[in-house]
Number of protein chains: 2
Amino acid sequence: MAANSSATHGRQIIKHLGQSKGRALTLREAAIIGVGRAPVKSGSGKSVTELFMEAAIEAINDAGVSRLDGIYVGNMMSGFLQHQEHLGSMMATALGREGVPAYKVEGACASGGVAVNAGVKAVLSGLEEIVLVGGVEKMSGYSTPEVTKGLMMAEDRPRVGATGVSFVGLNAMIARAYMHKYQVPHEAIAGFPVLCHKNALDNPKAQFHKNITVDDVLKSPLVADPLRLFDCSGIGDGAAAVILAPLDTARKFTDTPVRVAASTVATDALSLYQRPDVTVFEASRTASQRAYTAAHLKPADISVLEVHDAFSVLGIMALEDLGFARKGEGSMLVKDGACERDGRLPTNTFGGLKARGHPVGASGVYQVAELALQLSNKADKCQVPNPSAGLSQSVGGIGGTIAVHILERME
Amino acid sequence: MAANSSATHGRQIIKHLGQSKGRALTLREAAIIGVGRAPVKSGSGKSVTELFMEAAIEAINDAGVSRLDGIYVGNMMSGFLQHQEHLGSMMATALGREGVPAYKVEGACASGGVAVNAGVKAVLSGLEEIVLVGGVEKMSGYSTPEVTKGLMMAEDRPRVGATGVSFVGLNAMIARAYMHKYQVPHEAIAGFPVLCHKNALDNPKAQFHKNITVDDVLKSPLVADPLRLFDCSGIGDGAAAVILAPLDTARKFTDTPVRVAASTVATDALSLYQRPDVTVFEASRTASQRAYTAAHLKPADISVLEVHDAFSVLGIMALEDLGFARKGEGSMLVKDGACERDGRLPTNTFGGLKARGHPVGASGVYQVAELALQLSNKADKCQVPNPSAGLSQSVGGIGGTIAVHILERME
């Protein structure tokens, strides 16, 4: 029982030293020391491995690391679409890193977010130091029915999938309920994709470089009433990667490490029919509250935000569920210009899921990579002025899983 | 930089206190405080959720926990066979634990092993205390071509799958190469499934309860030359679960916690054609050496062993690659009776993959659960006399991923 008693002593000592910022039980904190992003494209012609490699090699070079102690691959659909699993060994092999512990982590459309969470835990566990987290998804090149069926894997296939409803259809129900309950017109919600498309103009790796207006959104083809084409993120291929390291060694690798102040995951009932109120993602509230507590921050401390706007209404709801607006009032933040890059809450600064693109298993990693770029002042034309803390929200399914990360600039 | 310097101080203090047994960088160690196992069956008629629930509820009740801080689901094929992903939220929902962080972890046939690794990291990270790890796979009820295609997702589908070779075929190549290189006759290798079938007679949850002889193996139908039916594990449905907790709180829940002395994962080149020698699984060596180092143990200290005998030859190779026999001599351990439950290296004491069954994403968790039962003297008729340390080896693909766990009895 020696280990036991020393652990107790250790904890008291750590508490005494004041290193308790949400992590009283670990000696470590984690930092991001490098990022990589493949451009998001429909019809990239690249394999899952080629996409992953593009992002991973960029991240490895950015961090300047020669060693990797762990590889975590965020991906949702490789089994269904590519009939390929075992991406951990496959990507380790492609990188010439055979031997390194590697596996895939899946949480539907939040697979990227939960993969970052797995990587952070690996660093905090003390078992691994230099960790690569890469999210990847290849969605183009398949028929619409195939991809539609693939996306429904995020919901309950036997019970809900059997009704014939599509994933977009479920989100359309949310949009309809939200618009009705809070008497918010489509015009207000449509401000979100307009913001994203504007921001993506400055991101060379974004899928769409096209300015759109609210009117364009409202006149675009109907997909699932009330959602129209420009309310919906597209289908694309992409990959993003980050390199994590213990905070206390991070400056060996970079002058601008970014501290992982919180990494949280929360679930909610898997299916929409199981929820008392479909206009709120309870898991967003749970995960973000846990994250604010761990980071000792509050919503007002967040200076840059990346939310999961797979559909326009989800972007608006995120602003509310994460604590930045009251229910029904999220769209006012967008209307007021608060979410612009020069506003008080710059949101989806690289274009978000709508315009940067949403290769599902990669999106959560793109968000974290983009925040890290912002907080290290490396966001180029997408840079917001002097952000100190950033928050990302990655949504799996219809809110059944939500991963939240809070990152902080190092002084 | 306050956190930074206190972390450095903390580490020095911990080192000074001597709590460095392979984990100098964490304040915690992990223990297993409960296990659950669904019976393995072909044609169970149960869904993935039903299988998972059966094992999870048994484990939760065994541990007597009311709280869960994290859920990790090991599974390989749900996307391909059931067209269902998002098992994290799905299982949390089924358990009535919405809110709890949950996601799926995949490493091909080692998905169960790597899920345990993810759970251990979660506990060691300090972010979660009471963690459920459940492995589940439903493989029956599908056509042989479907399951065969599903298993090939563990290899490189574009390059190797395209040749038309099957997963059994690749393992047959290993068997042929092994028999040739070391001049080991099929009779010797066939001793492994005979051992497993004998042990499974005492395991009510095993898939097969049938005594077989070496002659039965050699006369069973040819599957892929030289492998015959009784050289191969079967197709079945199953789920197993363990509850993890910090070691220093484990005795609150059980009088017989089992210490997780090591949890390691190693990869190797994904495909057989990329390996210089197909008669050795290099990742077995790497993962087990890391585990022995972390646990401060050597092969001679292991008193009970669970290896991944998806095919007879893999069981023999495991004995060698994990350090219990020289290359080419693994079968002699079986022949000499060392691997019997009353021998010096009791192996696959509940029947192993061959006879307990191999629902792929569950097998690695069954192994860890079975070791925990042995080390807490709860293995009933499968009990071996006074084991002090157990080792499990879970293999993904053709050795592309290997997870090793070393568990220790608490004095």
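Residues numbered from 1 in each chain as written. Chains lettered and ligands numbered in written order. Predicted model: local features only at pLDDT ≥ 70, side-chain atom pairs only at ≥ 80, totals over all residues. Heavy atoms only, no water.

### Some remarks on the overall build of chain A
Argument step 1. Looking only at helices and strands, chain A features 15 helices and 11 strands.
Argument step 2. Radius of gyration (C-alpha) of chain A: 20 Å, near the 22 Å computed for a compact globule of 411 residues.
Argument step 3. With the principal axes as the frame, chain A shows a C-alpha extent of 65 × 45 × 45 Å.
Argument step 4. Expressed as a percentage of contacts within chain A between residues at least 6 apart in sequence, the contacts between residues at least 24 apart total 76%.
Argument step 5. Accessible area for chain A stands at about 12,700 Å²; split by element, carbon and sulfur atoms hold 53% of it. (Helix = DSSP H or I, 4+ residues; strand = E, 2+ residues; numbered from the N terminus. Rg over C-alpha atoms; globule rule 2.2 N^0.38 Å. Contact = heavy atoms within 4.5 Å. Areas by Shrake-Rupley, 256 points an atom, 1.4 Å probe, with all protein chains shown as cover.)

### So, the packing of aromatic side chains
All names here are of chain B.
Argument step 1. Taken as a whole and judged by the stated rule, the model has 6 aromatic pairs over all chains.
Argument step 2. A centroid spacing of 6.3 Å and a plane angle of 50 degrees characterise the contact between Phe167 and Phe311, whose relative ring orientation is tilted. In this pair, Phe167 is assigned in helix H7 (residues 167–182) and Phe311 in the loop between strand E9 (304–306) and helix H12 (312–321), connecting sequence segments 144 residues apart. In terms of burial, Phe167 and Phe311 fall into one category: buried.
Argument step 3. Relative to Tyr182, the ring of Tyr178 lies with its centre 5.2 Å away and its plane at 55 degrees, an arrangement referred to as tilted. (Phe/Tyr/Trp six-rings, centres within 6.5 Å; stacked < 30°, edge-to-face > 60°. Buried < 20%, exposed > 50% of the residue type's maximum accessible area, 1.4 Å probe, protein only.)

### As for the pairing of strand E10 (residues 389–396) of chain B
Across a regular strand the side chains alternate sides, sitting on one face of the sheet and then on the other.
Residues and elements named next belong to chain B.
Argument step 1. Within E10, 8 of the 8 residues are buried, which leaves it mostly tucked inside the rest of the structure.
Argument step 2. Along E10, one buried face is formed by Ala389, Leu391, Gln393 and Val395 and the opposite face, lined by Gly390, Ser392, Ser394 and Gly396, is buried too.
Argument step 3. Relative to E10, E9 runs parallel, the two being bridged by 3 bridges. What sits directly across from Glu306, in E10, is Ser392.
Argument step 4. By the bridge criterion, 8 bridges tie E10 to strand E11 (residues 401–409) in an arrangement that is antiparallel. (Pairing = 2+ DSSP bridges.)

### Digging into the pattern of salt bridges
Argument step 1. Overall, the coordinates contain 46 salt bridges over all chains when judged by the stated rule.
Argument step 2. Among the ionic pairs, Lys219(A) bridges to Asp215(A), the shortest N-O distance being 2.9 Å. Note that Lys219(A) and Asp215(A) are positioned in helix H10 (residues 214–219) at a spacing of 4 residues, about one turn of the helix.
Argument step 3. What makes Lys219(A) exposed here is its relative accessible area of 65%.
Argument step 4. For Asp215(A), a relative accessible area of 40% puts it in the partly exposed group.
Argument step 5. Of the charged contacts in the structure, one is a salt bridge between Glu29(B) and Arg259(B), with a shortest N-O distance of 2.7 Å. Residue Glu29(B) is located in the loop between helix H1 (2–17) and strand E1 (30–37), and its partner Arg259(B) is located in strand E8 (residues 258–267); the two are separated by 230 residues in the primary sequence.
Argument step 6. Linked through salt bridges whose partners overlap, the residues forming this network are Arg28(A), Arg67(A), Asp69(A) and Glu129(A). (Salt bridge = Lys/Arg side-chain N within 4 Å of Asp/Glu carboxyl O.)

### Quick look at the domain arrangement of chain A
As a measure of interface size, the accessible area lost when the parts come together is often cited.
All names here are of chain A.
Argument step 1. Considered domain by domain, chain A is made up of domain 1 (2–141 + 239–252) and domain 2 (144–234 + 259–409).
Argument step 2. Here the C-alpha centre of domain 2 lies 22 Å away from the C-alpha centre of domain 1.
Argument step 3. Listed by partner, the interface residues are 46 residues for domain 1 and 49 residues for domain 2.
Argument step 4. Here domain 1 and domain 2 share an interface that buries about 3,600 Å² over both sides, 68% of which is from carbon and sulfur atoms.
Argument step 5. Across the salt bridge formed by Lys205 and Glu58, the nearest N and O atoms sit 2.9 Å from each other.
Argument step 6. Summed over the shared surface of domain 1 and domain 2, the number is 11 residue pairs in polar contact (both at pLDDT 80 or more).
Argument step 7. Residue classes in the side of domain 1 that touches domain 2 are distributed as 26 nonpolar, 12 polar and 8 charged. (Domains from an automatic or database assignment. Buried area = accessible area lost by both parts, 1.4 Å probe. Polar contact = N/O pair within 3.5 Å; in protein donor to acceptor, adjacent residues only side chain to side chain. Nonpolar A, V, L, I, M, F, W, Y, C, P; charged D, E, K, R; others polar.)

### Here's the deal with the confidence of the model for chain A
When pLDDT drops low, the exact placement of atoms in the prediction is not to be read closely.
All names here are of chain A.
Argument step 1. Looking at chain A, pLDDT values average 93 and 93% of them are 70 or higher.
Argument step 2. A low-confidence stretch, residues 1–25 (pLDDT under 50), is modelled with 56 contacts involving residues beyond four sequence positions or located in other chains.
Argument step 3. As a predicted assembly, this complex carries a pTM of 0.94 together with an ipTM value of 0.94. (pLDDT = per-residue confidence, 0-100.)

### Examining unusual backbone geometry
All names here are of chain A.
Argument step 1. With an omega of 5 degrees, the peptide bond running from Asp225 to Pro226 counts as cis.
Argument step 2. Topologically, Pro226 is positioned in the loop between strand E5 (222–224) and strand E6 (227–228).
Argument step 3. Positioned with a positive phi, Ala108 is a non-glycine residue whose angle comes to about 55 degrees.
Argument step 4. Turning to its location among the elements, Ala108 is positioned in the loop between strand E3 (102–106) and helix H5 (111–124).
Argument step 5. Classification of Ala108 by relative accessible area gives buried; the value is 0%.
Argument step 6. One non-glycine residue, His296, lies in positive phi territory at about 55 degrees.

### A look at the side chain of His197(B)
Argument step 1. Relative to the elements of secondary structure, His197(B) occurs in helix H9 (residues 191–200).
Argument step 2. For His197(B), a relative accessible area of 1% corresponds to the buried category.

### Focus: the environment of Gly191(A)
Residues and elements named next belong to chain A.
Argument step 1. Mapped onto the elements of the fold, Gly191 is located in helix H9 (residues 191–200).
Argument step 2. With relative accessibility at 13%, the residue Gly191 sits in the buried group.
Argument step 3. For the pair Gly191 and Ala389, spaced 198 residues apart in sequence, the C-alpha to C-alpha distance is 24 Å.
Argument step 4. Gly191 has contacts with Val214 and Val334, leaving out every residue within four places of it along the chain.

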